Amino acid sequence: MFDFAIAGIAAPIILLVFVGFTVGTVGGFIGVGGGYMVTPALIVFGFPGYMASGIDMTHIAGKGVIATVRHRQLGNIDWTLALSMVAGTMLGVELGVRLLVHFKNLGISSVALLITSVVVMFGLFLYTQIETRRAHLKAEQMSREGLKVGREIQTSSLPRLFQKIPFFPIVRCRTARVVVSMWVIVAVGIVTGALAGFLGVGGGFIRVPALVYLVGASSHIAVGTDLLEIIFSGGYGALRHSIEGHVDMMAVLFMICGAMLGAQFGSIATSYVRGPAIRYILSYSLILATCGAALRLAYVLTGQSVELLSFFAVMLTLGEMIFLCLFIISLVWFATRKKHGKAVPPWVPALVM
Amino acid sequence: MSTPKALRWFVDSMVGYWVLLLVISLGAAAVIYEVWFKGRM
């Protein structure tokens, strides 16, 4: 057990290293900084809400750099798209941090963060489930008809709608192969930035679906571009949270140690799987994180009197992280087997390269 | 070595595979909580 003096709690070091490793792997793999699971997880493990948000934001800023370098090598970053979004993102982060400080002063930061996490994550789960299911069915149909299944399968008609918005200036994003009004990109930046600043997340779990379903980028470009954006939102957010006294640097340090390894492995794993698989994992990690946060919320709202709620909250939160690691490792293993002509389960070819 | 027929569903079906992974993960988390974290957090 390590005494985190600034956060005011004692927690095992290995727990924070494991949390860092898991979100590093998942973050490198799906482009989501992992904050959506870290903030509720740290609250579940006993950290105060505002402290969980600050620690999460600070560790993400460091991890984003590592994962971005890897994605740049893989050609997954659209610089025009990312740089067009920066101003909106930073404005949003400032709004989010100020809102969190307001709730902290009211003494309800944990409850506000848990409620927001549950609502946002469940909404995203439903949407990505529907979209991903449609993409998977389309891939299976194309396989049956003998057509070549590409790396990316787009089923949503929303990108076409947003790309028709005629407000000047119109931006041509060559890597993402998207032509869209800059105001659409800035608006995505403000909304995702506000959520990032408030929840202490990089904002990837909103930004990746937004870039895919609203702007029309492919999953892989959305992942790489989002990671570059996280350097800006995470850097600015970390600075703001530090000024407000929301950061315990020892906790951040232990999490970054785990995240360094995880981010490298997760980034490499993206070259083994197709877009729908990435969104499947995003979707299921969201629902598991939601259940853990909801149980912790119930525990807090019942006056911390029902120990069973705390047990299940911790079990689901830890279980979710182990599940994600196993799933990503096994998908890479199946992809390697397929590449070498060995037998794989019948559902695997539609998900891996 | 062949997989027992009763276990084939857990590998051949995507849902089955997820169920298998989820059970293993939650079980491991429960054991870790009981052995390591209970009474310390």
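**Student:** Is there a simple way to explain the environment of Ala343(A) in this structure?
**Tutor:** Residues and elements named next belong to chain A. Tracing the backbone through its elements, the reader meets Ala343 in the segment after helix H12 (307-339). Residue classification places Ala343 among the exposed positions, given a relative accessible area of 62%. Taking the C-alpha atoms as reference, Ala343 lies 46 Å from Phe198; in sequence the two are 145 residues apart.

**Student:** I tried to follow the side chain of Thr290(A) on my own but got confused; where do I start?
**Tutor:** Looking at the secondary structure, you find Thr290(A) in helix H11 (residues 275-301). Non-local contacts of Thr290(A), meaning those with residues more than four positions away in its chain, are made with Val118(A), Met121(A) and Phe122(A).

**Student:** Would you mind going over the pattern of salt bridges with me for this structure?
**Tutor:** Side chains that differ in charge, positive against negative, can pair when their charged atoms come close. All names here are of chain A. Under the definition given, this model contains 4 salt bridges over all chains. Its salt-bridge partner being Arg98, residue Glu94 comes within 2.6 Å of it at the nearest N-O pair. With Glu94 and Arg98 both in helix H4 (residues 79-106) and 4 residues apart, the pair spans about one turn of that helix. Of the charged contacts, one joins Arg240 and Glu244 as a salt bridge, the two residues approaching to 3.3 Å between their closest N and O atoms.

**Student:** I tried to follow the nonpolar core on my own but got confused; where do I start?
**Tutor:** For soluble globular proteins, nonpolar side chains are generally found buried alongside one another. All names here are of chain A. Counting 82 residues, the largest nonpolar core has Phe47 and Phe205 as the members making the most contacts within it. The element contributing the most residues to this core is H12, with 16 residues. Counting 16 residues, the second largest nonpolar core, distinct from the first, contains Val180, Val188, Ala210 and Val212.

**Student:** I'm lost on the packing of aromatic side chains in this one. Help?
**Tutor:** By convention here, two paired aromatic rings are described through the distance between centres and the angle between planes. All chains considered together, the criterion is met by 11 aromatic pairs over all chains. Between the aromatic rings of Phe4(A) and Phe254(A), the centroid separation amounts to 6.2 Å while the plane-to-plane angle is 80°, which identifies the pairing as edge-to-face. With Phe4(A) in strand S1 (residues 2-4) and Phe254(A) in helix H10 (residues 249-269), this pair connects stretches of sequence that are 250 residues apart. The exposure class of Phe4(A) is buried, given its relative accessible area of 0%. Geometrically, the ring pair formed by Phe334(A) and Trp347(A) is edge-to-face, given 5.9 Å between the ring centres and 85° between the ring planes. In this pair, Phe334(A) is assigned in helix H12 and Trp347(A) in the segment after H12, connecting sequence segments 13 residues apart. Residue Trp347(A) is classed as buried on the basis of its relative accessible area, which comes to 5%. Taken together through their ring pairs, the aromatic side chains of Trp333(A), Phe334(A), Trp347(A) and Tyr17(B) make up a single cluster.

**Student:** Sorry, what's going on with the confidence of the model for chain B here?
**Tutor:** Scored by pLDDT, chain B has a mean of 79; 76% of the residues are at 70 or more. Note on the complex model: pTM 0.74, ipTM 0.89.

**Student:** Just checking my understanding: could you explain the side chain of Ser25(B) for this structure?
**Tutor:** The topology assignment puts Ser25(B) in helix H2 (residues 14-37). With near-sequence residues (within four places) excluded, Ser25(B) lies in contact with Gly319(A), Ile322(A), Phe323(A) and Leu326(A).

**Student:** Hey, could you run me through H10(A) in this one?
**Tutor:** Along an α-helix, residues three or four apart share an orientation, since each turn contains 3.6 residues. Residues and elements named next belong to chain A. Over its 21 residues, H10 runs 30 Å from end to end, which matches the ideal 30 Å to within 8%, given 1.5 Å per residue. Along H10, the sharpest kink reaches roughly 30°, centred on Ala259. Buried residues of H10: Ala251, Val252, Phe254, Met255, Gly258, Ala259, Gly262, Ala263, Gly266, Ser267 and Ala269, and no others. Its side-chain oxygen at 3.2 Å from the backbone nitrogen of Met250, Asp248 defines the N-terminal cap of H10.

Cut-offs and rules
Residues numbered from 1 in each chain as written. Chains lettered and ligands numbered in written order. Predicted model: local features only at pLDDT ≥ 70, side-chain atom pairs only at ≥ 80, totals over all residues. Heavy atoms only, no water. Helix = DSSP H or I, 4+ residues; strand = E, 2+ residues; numbered from the N terminus. Buried < 20%, exposed > 50% of the residue type's maximum accessible area, 1.4 Å probe, protein only. Contact = heavy atoms within 4.5 Å. Salt bridge = Lys/Arg side-chain N within 4 Å of Asp/Glu carboxyl O. Core = buried A, V, L, I, M, F, W, Y, C linked by side-chain atoms within 4.5 Å. Phe/Tyr/Trp six-rings, centres within 6.5 Å; stacked < 30°, edge-to-face > 60°. pLDDT = per-residue confidence, 0-100. Expected span 1.5 Å × (residues − 1). Bend = angle between axes of the 7 residues up to and from the residue. Polar contact = N/O pair within 3.5 Å; in protein donor to acceptor, adjacent residues only side chain to side chain.

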